[in-house]
Amino acid sequence: MIGLLASTGKELKDNFLQALAEREEANRDGKLSSIIYIRDYNSRHQEVSAYIDYANRLTTDDFEAYFSGKKRLLPRKTDLSFYNWNKNVVSSNPSPNYEVIAENACGLLFKNKIDGKIINVNPKVYPGDNTTRTPVKTDLYLHMVIYDHIIGKGP
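A. View of the pairing of strand 6 (residues 109–112). Pairing analysis gives four bridges linking strand 5 (residues 98–101) to strand 6, with the strands arranged antiparallel. Among the inter-strand pairings, Glu-99 is bridged to a residue of strand 6, identified as Lys-111. Pairing analysis gives three bridges linking strand 6 to strand 7 (residues 118–120), with the strands arranged antiparallel. Looking at strand 7, one finds that Phe-110 is bridged to Ile-119. Hairpin connection from strand 6 to strand 7: five residues lie between these consecutive antiparallel strands, with Gly-116 at a positive phi of about 75°.

B. Up close: helix 1 (residues 15–28). Along its 14 residues, helix 1 runs 20 Å from first to last C-alpha, staying within 8% of the 20 Å computed at 1.5 Å per residue. Roughly 35° is the biggest bend found in helix 1, and it falls at Glu-22. Taken together, the buried positions of helix 1 are Phe-16, Leu-17, Ala-19, Leu-20, Ala-21, Arg-23, Glu-24 and Asn-27. Two or three places before Phe-16, at the start of helix 1, stands the capping residue Asp-14, its side-chain oxygen 2.8 Å from that residue's backbone nitrogen. Directly after helix 1, the chain includes Gly-30, whose backbone phi takes a positive value near 85°.

C. Looking closely at the sheet that holds strand 6. Ordered in space as 5-6-7, the three strands form an open sheet in which the pairing is antiparallel. A strand with exactly one partner marks an edge of an open sheet, and here the two such strands are strand 5 and strand 7. Here the average twist between neighbouring strands, direction ignored, is 25°.

Analysis parameters
- Residues numbered from 1 in each chain as written.
- Predicted model: local features only at pLDDT ≥ 70, side-chain atom pairs only at ≥ 80, totals over all residues.
- Heavy atoms only, no water.
- Pairing = 2+ DSSP bridges.
- Helix = DSSP H or I, 4+ residues; strand = E, 2+ residues; numbered from the N terminus.
- Expected span 1.5 Å × (residues − 1).
- Bend = angle between axes of the 7 residues up to and from the residue.
- Buried < 20%, exposed > 50% of the residue type's maximum accessible area, 1.4 Å probe, protein only.
- Polar contact = N/O pair within 3.5 Å; in protein donor to acceptor, adjacent residues only side chain to side chain.
- Axes fitted to C-alpha atoms, helices over the stretch in contact; angles between N-to-C directions.

Geometry only, nothing functional implied.
Next comes the structure, spelled out in structure tokens:
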């Protein structure tokens, strides 16, 4: 285990926060690499969505603020993939854990940089080897899905 987890000792009242807490340790220690899909409204009341590299955000954000309810985890233009539905603004960025494959006949894909496996976020198809897709019912966001990728060895 890596230090004290940000979710430790917090009263997690929402399924979303509980789901993140369940995955926190495995994402911190590199056994699991989760991609969080969030769709919600930003502070300007614009609908935005993003695919977020959870393990990466754990290293850049103060998750104690999220787990305690002081802040909300929201999509950013620097996430793996970001879309502002009102302004039709899209961006995609690699992270330490994933490459983004956006120009693809299969739709948006993410390639894990450790084991080379592809994660397909299209809800109508198989998400990929060692990957599960879990929709999370939450009162905090419009739509939320977690893609859990168990890190394997080599491509």
